[in-house]
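# Commentary on secondary and tertiary structure
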Amino acid sequence: MILIGFMGAGKTTVAQTLSKSLNIPCYDLDKEIIKKIQMPLSDYFDKYGETQFRQLEHQFLLKYYSIPGVISTGGGCIENYANRAILKETSNVIYLKSNFETLHHRINNDKMSLRPIAKNRTTEELKALYMKRLIYYETCATYTIDTDTLNTQEVSDRIIAMI
Ligand SMILES: Nc1ncnc2c1ncn2[C@@H]1O[C@H](COP(=O)(O)OP(=O)(O)OP(=O)(O)O)[C@@H](O)[C@H]1O
Ligand SMILES: O=C(O)C1=C[C@@H](O)[C@@H](O)[C@H](O)C1
Ligand SMILES: [Mg+2]
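Here's what I pulled together on the structure shown here. (Residues numbered from 1 in each chain as written. Chains lettered and ligands numbered in written order. Predicted model: local features only at pLDDT ≥ 70, side-chain atom pairs only at ≥ 80, totals over all residues.)

Let's shift gears to the nonpolar core. Among the nonpolar cores identified, the biggest contains 35 residues, and Leu3, Ile4, Ile94, Leu96 and Cys140 are the most heavily contacted of them. Isoleucine 94 has contacts with Met1, Leu3, Ala141, Thr142, Tyr143, Ile145 and Ile159, leaving out every residue within four places of it along the chain. (Core = buried A, V, L, I, M, F, W, Y, C linked by C-beta atoms within 7 Å. Buried ≥ 20, exposed ≤ 12 C-beta atoms within 10 Å, placed from the backbone. Contact = placed C-beta atoms within 7 Å.)

Now the structure itself:
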């Protein structure tokens, strides 16, 4: 199964919980990319730019999307047309949905260096990005879970009950 959603949606955290509960492997595409590039994502963005990161991210989705287990994607994975095509063809794509205020609060309480996209934007710009991406998450998802009022364990339990 593949988890999608905006930054702070809980993809990485919930994938780890699901992996333990279901005893299946999990792969976080951001972490796999970091292993390969050997630097924080924000350094990679500064050095090579977003376009090059998106190409790399596409290569990693291609490599992992069909592997059995749980895959957590980066928040911008759906920016790439070819990635959206892959996700639309894949079953068990789970969209962790939250309103912008919840996500913004979570991102602000988390390590900002992990998220160059958030670090370099004002709140208004980040909200505009969220609004733009909503339709992409929705059209790629097999299932959607509203996570505003759920903790990560509850989100994981909900997914297990659903699939
Ligand atoms: N449902 C939730 N309730 C409370 N806190 C949450 C929830 N989901 C995630 N968080 C918290 O929000 C922060 C971001 O979570 P996480 O890194 O799993 O998000 P992500 O979707 O993987 O983001 P990114 O796209 O940037 O990789 C973490 O501190 C996590 O504990
Ligand atoms: O929303 C985004 O565009 C991103 C989210 C992160 O998971 C990372 O993949 C990277 O920081 C880009
Ligand atoms: Mg993540």
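After that view, the rundown keeps rolling.
With that settled, consider the site of ligand 1. Lining the immediate surroundings of ligand 1 are 20 residues, of which Gly10, Lys11, Thr12, Thr13 and Gly75 lie closest. Taken together, the elements giving at least two residues each to the shell around ligand 1 come down to helix H1 (11–22) and helix H9 (152–162). Of the residues forming the shell around ligand 1, the biggest block, three residues, is contributed by H1. In the shell around ligand 1, the residues fall into four nonpolar, 11 polar and five charged. (Near = placed C-beta within 6 Å. Helix = DSSP H or I, 4+ residues; strand = E, 2+ residues; numbered from the N terminus. Nonpolar A, V, L, I, M, F, W, Y, C, P; charged D, E, K, R; others polar.)

Before going further, it helps to examine the site of ligand 2. Inspection of the region around ligand 2 gives Met7, Asp30, Leu41, Gly74, Gly75, Gly76, Arg115, Pro116 and Ile117 as its neighbouring residues. Broken down by class, the residue content of the shell around ligand 2 amounts to four nonpolar, three polar and two charged.

Sheet architecture is open: five strands sit in the order S2-S3-S1-S4-S5, paired in parallel fashion. A single partner strand is all that each edge strand has here, and the edge strands are strand S2 (26–28) and strand S5 (143–146). Averaged over all pairs of adjacent strands, the angle between their axes in this sheet comes to 25 degrees, without regard to strand direction. Of the strand pairs in this sheet, strand S1 (residues 2–4) and strand S3 (residues 70–72) are connected by two bridges, and their pairing is parallel. When the sheet's bridge partners are listed, leucine 3 is paired in S3 with serine 72. Across the sheet, helix H2 (residues 29–37) touches S2 and S3, and the angle it forms with S2 is around 65 degrees. (Pairing = 2+ DSSP bridges. Axes fitted to C-alpha atoms, helices over the stretch in contact; angles between N-to-C directions.)

Here the focus is the packing of H1 against H9. In the contact formed by H1 and H9, the axes pass within 9 Å of each other and the chain directions differ by 55 degrees. It follows that H1 is oblique to H9 by the angle criterion. For H1 against H9, the interelement crossing comes out right-handed. From H1, Thr13, Val14, Thr17, Leu18, Ser21 and Leu22 reach across to H9, where they touch Thr152, Gln153, Val155, Ser156, Ile159 and Ile160. When grouped by side-chain class, the residues that make up the contact of H1 with H9 number six nonpolar, six polar and no charged. (Parallel < 35°, antiparallel > 145°, perpendicular 65-115°, else oblique. Left-handed = near helix turned anticlockwise from the far one by under 90°.)

Everything listed here is a matter of coordinates, which is why it stays silent on function.
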